[in-house]
Amino acid sequence: NHQQNEIVCSAKSQNESFTRGTIAAFFAQINPTVEQINDLKTAVSEAVTNCIVHGYKGKDGMIDISADLYENSIYVEITDYGSGIADVQKAMEPFFTTVSTGERSGIGFTVMQAFCDDVQVSSVVGSSTTVKLTKAV
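In this text, all values refer to a predicted model and were calculated from it rather than measured experimentally.

## Quick word on the packing of helix H1 (residues 14–27) against helix H2 (residues 34–55)
Helix-helix packing: each pair is described by the crossing angle between the helix axes and the interaxial distance.
Now for step 1: Where H1 contacts H2, the two axes come as close as 9 Å, and the packing angle between them is 145 degrees. H2 is crossed by H1, and the crossing has right-handed handedness. Facing H1, whose interface residues are Glu 16, Thr 19, Arg 20, Ile 23, Ala 24 and Phe 27, H2 presents Gln 36, Ile 37, Leu 40, Lys 41, Val 44, Ser 45, Val 48 and Thr 49.

## Thoughts on the pattern of salt bridges
Now for step 1: Applying the stated criterion across every chain, the model contains three salt bridges.
Now for step 2: Between Asp 60 and Lys 12 there is a salt bridge, with its nearest N and O atoms 2.5 Å apart. On the criterion of sequence distance, the pair formed by Asp 60 in the loop between H2 and strand E2 (62–69) and Lys 12 in the loop between strand E1 (3–10) and H1 is long-range, its members being 48 residues apart.
Now for step 3: Its salt-bridge partner being Glu 16, residue Arg 20 comes within 3.0 Å of it at the nearest N-O pair. Of this pair, Arg 20 and Glu 16 both sit in helix H1, four residues apart, which is roughly one turn of that helix.

Parameters and conventions
Residues numbered from 1 in each chain as written. Predicted model: local features only at pLDDT ≥ 70, side-chain atom pairs only at ≥ 80, totals over all residues. Heavy atoms only, no water. Axes fitted to C-alpha atoms, helices over the stretch in contact; angles between N-to-C directions. Helix = DSSP H or I, 4+ residues; strand = E, 2+ residues; numbered from the N terminus. Left-handed = near helix turned anticlockwise from the far one by under 90°. Contact = heavy atoms within 4.5 Å. Salt bridge = Lys/Arg side-chain N within 4 Å of Asp/Glu carboxyl O.

Take a look at the structure:
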């Protein structure tokens, strides 16, 4: 028993709430708790915000989001085609950020890991970054 859906949206901050809500509604089909839905919404928000702020650095771009629903879990893949991450392991360290204005705390990946069962990140510098989130009910 498996369903898959895909969203493609522009890398604009107003799409962060749209994608978060859409993924949450899709996840709701397998009867997660309100806390599990909120956890996933938080992780998706962080991932989409990373695409906008770090991947595209405020420039225009597209974000691809696919969601696979299984009997007891959701698997979400969020991809941008921006600058990429040179050192994924370093980027996933708490408080590491590439934004020097002080506006970014560097805990996006840490938040995703706290709210999901599994977080995987793959990236090609100058090409793309994909964040894979898994959340079980």
